[in-house]
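# Per-entry structural report
So the chains spell out like this:
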Amino acid sequence: MVIKVKNLVKRYSELIALDHLSFSVRKGEIFGLLGPNGSGKTTAINCILSLLKYDKGEIEIFDKPMTPEAYDIKRNIGIVMQNVAVYNELSVYENIDYFCGLYVKDKNLRKKLVDEAIEFVDLNDYRKFYPNKLSGGLLRRLNIACGIAHKPELIILDEPTVAVDPQSRNKILEGIKELNKKGATIIYTSHYMEEVEQICSRIMIIDKGRAIATGTKEELKAMITLGEKITVESYDISEEHLIRLKNLPNIVSVEYKEQLLEIKSSKGKNNLENVLEFIKRENIQFGKIYSELPTLNDVFLEITGKELRD
């Protein structure tokens, strides 16, 4: 295991930020960390990095106890936090060189690593630019380059795509997957469910300082009751239709709003077929009908009862 966290407790006076939190991160995986605001994600990361003292528990990284003085461990960790942390008075090249220099003293090796980091985040055309001349997406990519230039074995990415355009987001996600292919183990937090579903091999949902569900996206989806969501475009739905639809087998909920009928069903066979037969039998006029399997957002809502918001 790259990370082992056991019974981690962190209190702020009467508030318990982490409540006997335990989890592990395997070598070579992209581990997604999800939770509503105030759930303990950032506190957990700060404890793992020994940036924050905790009241109880054990943390091991690379099979060694993590402490504030464990510099041999810290040299193999790259950190990209949500707030962009670069120096405005330094150029793109100089920023990456500075942060890489905190870990690599050999100038020739450092130049090679900086050049590779610039190439990796596709900032070659901006080497001499200063941060205040970069767009939000380019700044995020610079931030990532500063955190990974020294080629760490473990990379922690906290909301790396916040407030960037779709093109930059795709570039960042492709880069994260490439880092993983090259051997880096990654912890990834995001408010964008589709990102986590797209790139993470395993996911932990945390709430009130506790891990409430951990697994692959398939394993998490198997934990919830929702089996299928069927949406029907129609101007022809009455209250009587809604009542009778609710009585069909496996139907969990029925909602009709702005000419869209949304039917949620539990796991079972022939759910879509039963709905189609009902519509035909009742002579309901409709437009499109489509069916969706549960998403990670559905899992999050059912498990925590909360929307995941910025």
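Worth saying up front: this structure is predicted, and the values here are computed from it rather than measured. (Residues numbered from 1 in each chain as written. Predicted model: local features only at pLDDT ≥ 70, side-chain atom pairs only at ≥ 80, totals over all residues. Heavy atoms only, no water.)

## Concerning the overall build of the chain
- Each helix and strand in the chain was counted, giving 11 helices and 14 strands.
- Referenced to the eigenvectors of the C-alpha coordinate spread, the extents of the chain come out at roughly 75 × 45 × 35 Å.
- Looking at the chain as a whole, 48% of its 310 residues are labelled buried.
- As presented, the chain carries roughly 16,300 Å² of accessible surface, and 49% of it is formed by carbon and sulfur atoms.
- Seen as two clouds, the 45 positive and the 46 negative side-chain charges of the chain have centres 5 Å apart. (Helix = DSSP H or I, 4+ residues; strand = E, 2+ residues; numbered from the N terminus. Buried < 20%, exposed > 50% of the residue type's maximum accessible area, 1.4 Å probe, protein only. Areas by Shrake-Rupley, 256 points an atom, 1.4 Å probe, with all protein chains shown as cover. Lys, Arg positive; Asp, Glu negative; His and termini not counted. Charge placed at Lys NZ, Arg CZ, Asp CG, Glu CD.)

## Some points on helix 11 (residues 296-304)
- Inspection of helix 11 places Leu 296, Asp 298, Val 299, Phe 300 and Thr 304 among the buried residues, and these make up the whole buried set.
- Gly 305 occupies a position one or two residues after helix 11 and carries a positive phi of about 70°.

## Quick notes on a nonpolar patch on the surface
- There is a patch of nonpolar side chains on the surface, built from Tyr 87, Tyr 98, Leu 102 and Tyr 103 and spanning about 370 Å² of accessible area.
- With respect to the secondary-structure elements, Tyr 87 resides in the loop between strand 6 (77-80) and helix 3 (92-101). (Patch = residues over 30% accessible without salt bridge, like charges linked within 9 Å, V, L, I, M, F, W, Y side chains within 5 Å. Salt bridge = Lys/Arg side-chain N within 4 Å of Asp/Glu carboxyl O.)

## Focus: the pattern of salt bridges
- Enumeration over the complete set of coordinates arrives at 14 salt bridges.
- Ionic pairing is found between Arg 110 and Asp 97, a salt bridge with its closest N-O pair at 2.9 Å. Here Asp 97 lies in helix 3 and Arg 110 lies in helix 4 (residues 107-120), a separation of 13 residues in the sequence.
- With a shortest N-O distance of 3.1 Å, Arg 244 and Glu 240 are connected by a salt bridge. One end of the pair, Arg 244, and the other, Glu 240, are both in helix 9 (residues 239-246), four residues apart, so they sit about a helical turn from each other.

## Digging into empty space enclosed by the protein
- Following the criterion strictly, the structure yields one cavity of 30 Å³ or more and no others.
- The calculated volume of the largest cavity comes to roughly 60 Å³.
- Contributing to the lining of the largest cavity are Phe 120, Val 121, Arg 141, Ile 144, Lys 171, Ile 172, Gly 175 and Ile 176.
- Listing elements by their share of the lining of the largest cavity, those giving two or more residues are helix 5 (136-148) and helix 6 (166-181).
- Considering every element that reaches the lining of the largest cavity, the biggest residue donor is helix 6, with four residues. (1 Å grid on protein atoms, 1.4 Å probe; cavity = no way out; pocket = protein on both sides within 12 Å on 5 of 7 lines; lining within 4 Å. Points joined across faces, edges and corners; volume = space filled by probe spheres on them.)

## Description of the nonpolar core
- Core analysis: the largest hydrophobic core is formed by 47 residues, its most contacted members being Leu 34, Ile 96, Leu 142, Ile 176, Ile 186, Tyr 188 and Leu 296.
- By residue number, the principal contributor to this core is helix 5, which donates seven residues.
- Those residues in contact with Ile 96 that lie beyond four places of it in its chain are Val 114, Ala 117, Ile 118, Leu 142, Ala 145, Cys 146 and Ala 149.
- Core analysis: the next-biggest nonpolar cluster, separate from the first, contains 26 residues, Leu 18, Leu 33, Ile 45 and Ile 187 among them. (Core = buried A, V, L, I, M, F, W, Y, C linked by side-chain atoms within 4.5 Å. Contact = heavy atoms within 4.5 Å.)

## Looking at the sheet that holds strand 2 (residues 15-25)
- Reading across the sheet, the four strands line up as 2-1-4-5 and stay open at both edges, with antiparallel pairing between neighbours. Each having just a single partner strand, strand 2 and strand 5 (64-65) make up the two edges of the open sheet.
- Pairing of strand 1 (residues 3-12) with strand 4 (residues 56-61), which is carried by five bridges, proceeds in the antiparallel orientation. Directly across from Ile 3, in strand 4, lies its bridge partner Ile 61. (Pairing = 2+ DSSP bridges.)

## Re the pairing of strand 10 (residues 210-215)
- Examined bridge by bridge, strand 9 (residues 202-207) and strand 10 share five bridges and lie antiparallel to one another. For Asp 207, the partnering residue across the bridge sits in strand 10 and is Arg 210.
- Counting the residues in the hairpin turn of strand 9 and strand 10 gives two residues, including Lys 208, whose phi is positive at 55°.

## Overview of helix 6
- If you check helix 6, its first and last C-alpha atoms are 23 Å apart, about what 16 residues at 1.5 Å a residue would give, namely 22 Å.
- Every buried residue of helix 6 is listed here: Ser 168, Arg 169, Ile 172, Leu 173, Gly 175, Ile 176, Leu 179 and Asn 180. Across the axial projection of helix 6, the buried residues extend over an arc of 160°, all falling on one side. For helix 6, the exposed residues set more than 90 degrees away from the buried face come down to Pro 166, Gln 167 and Lys 181.
- Turning to helix 6, the residues buried within the fold contact strand 3 (30-34), helix 4, helix 5, strand 7 (154-158), strand 8 (185-189) and helix 7 (193-199).
- With its phi angle positive at about 115°, Gly 183 sits one or two positions after the end of helix 6. (Expected span 1.5 Å × (residues − 1). Arc of directions from axis to C-beta.)

Purely spatial values, then, with no claim about function.
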